[in-house]
Amino acid sequence: MSWLDDLKFVLALVIAAAMGASGCSDVGASPQQPLPFPHDAHTNNQIACAFCHEFADNQVSAGIPRTELCGSCHSAMPQDSAATQTLMKYVDDKEQIDWVRLYELPQYSYFPHKWHVRADIGCEVCHGDVGSSSRAVRRISLDMDWCVTCHEKLGAPVDCVVCHT
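Attention in this report is confined to the structure presented alongside it. (Residues numbered from 1 in each chain as written. Predicted model: local features only at pLDDT ≥ 70, side-chain atom pairs only at ≥ 80, totals over all residues. Heavy atoms only, no water.)

Side note on the overall build of the protein chain
Within the protein chain one finds 9 helices and 0 strands. Secondary structure elements of the protein chain, listed N to C terminal, follow the sequence α-α-α-α-α-α-α-α-α. Burial analysis of the protein chain (165 residues in total) assigns 27% to the buried set. Within the protein chain, contacts between residues separated by at least 24 positions form 68% of all contacts whose residues are at least 6 apart in sequence. A total of about 10,700 Å² of accessible surface is found on the protein chain, and carbon and sulfur atoms cover 60% of it. (Helix = DSSP H or I, 4+ residues; strand = E, 2+ residues; numbered from the N terminus. Buried < 20%, exposed > 50% of the residue type's maximum accessible area, 1.4 Å probe, protein only. Contact = heavy atoms within 4.5 Å. Areas by Shrake-Rupley, 256 points an atom, 1.4 Å probe, with all protein chains shown as cover.)

What about the state of the cysteines?
Per the counting criterion, the structure on display carries 0 disulfides. The thiol sulfur of cysteine 49 is not disulfide-bonded, and the nearest other cysteine sulfur, from cysteine 123, lies at 3.8 Å. Since its relative accessible area comes to 37%, cysteine 49 is described here as partly exposed. Cysteine cysteine 160 is unpaired, with the sulfur of cysteine 163 as its nearest cysteine sulfur at 8.8 Å. (Disulfide = S-S within 2.5 Å.)

Some details on the nonpolar core
Formed by Leu35, Phe37, Cys70, Leu87, Tyr90, Ile97 and Trp99, the largest nonpolar core amounts to 7 residues. Those residues in contact with leucine 87, other than ones at most four positions away along the chain, are Leu35, Cys70, His74 and Ile97. (Core = buried A, V, L, I, M, F, W, Y, C linked by side-chain atoms within 4.5 Å.)

Digging into the packing of aromatic side chains
For any pair of aromatic rings, the description rests on two quantities: the centre-to-centre distance and the angle between the ring planes. Evaluated as defined, the whole model comprises 2 aromatic pairs. Look at phenylalanine 37 and tryptophan 99: their rings are 5.8 Å apart centre to centre, the planes differ by 85 degrees, and that puts the pair in the edge-to-face class. Note that phenylalanine 37 is positioned in the loop between α1 (3-20) and α2 (39-44) and tryptophan 99 in the loop between α5 (82-92) and α6 (113-118), a separation of 62 residues in sequence. By relative accessible area, which is 19% here, phenylalanine 37 ends up buried. On the numbers, 5.8 Å between centres and 80 degrees between planes, the contact of tyrosine 110 with tryptophan 115 is edge-to-face. Among the residues examined, tyrosine 110 registers a relative accessible area of 26% and is labelled partly exposed. Residue tryptophan 115 is classed as partly exposed on the basis of its relative accessible area, which comes to 44%. Here arginine 138 stacks its cationic end above the ring of tyrosine 103, 5.8 Å away from the centre of that ring. (Phe/Tyr/Trp six-rings, centres within 6.5 Å; stacked < 30°, edge-to-face > 60°. Lys NZ or Arg CZ within 6 Å of the ring centre and 35° of its normal.)

Dropping the structure here:
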């Protein structure tokens, strides 16, 4: 083994360890949110993921729903729950809700949602069946091995620079 092979091996170990410590590996994590967000209520009303995560098809990040967008639907609905009343206070005060991210990739990796959406890969492939949840839960460990396995299965590129630019 050459010193270059040794270096590649050490770098692979460092990246794997960092991915294990990233915000994507803790399956079952369900961070406390400022408001309950029942994905199931939204999908049961046939609201597509991309309606709320409005940047998924044209940017790197899918985006966290803007309060104004929530208000565009909820202002026409009954305000009978405490959560809805709190939501409408955010809307009326023109304050953004400080949602806690469920998945966060390390800075050394690059995941463009738009490429996956344009390739017609459903949100549930990477996020699991989040649409049936009454609470946002991390369902899949998005570690490097998982991603590479999916890329190989779909015939997508697995060269390092695809995700590590």
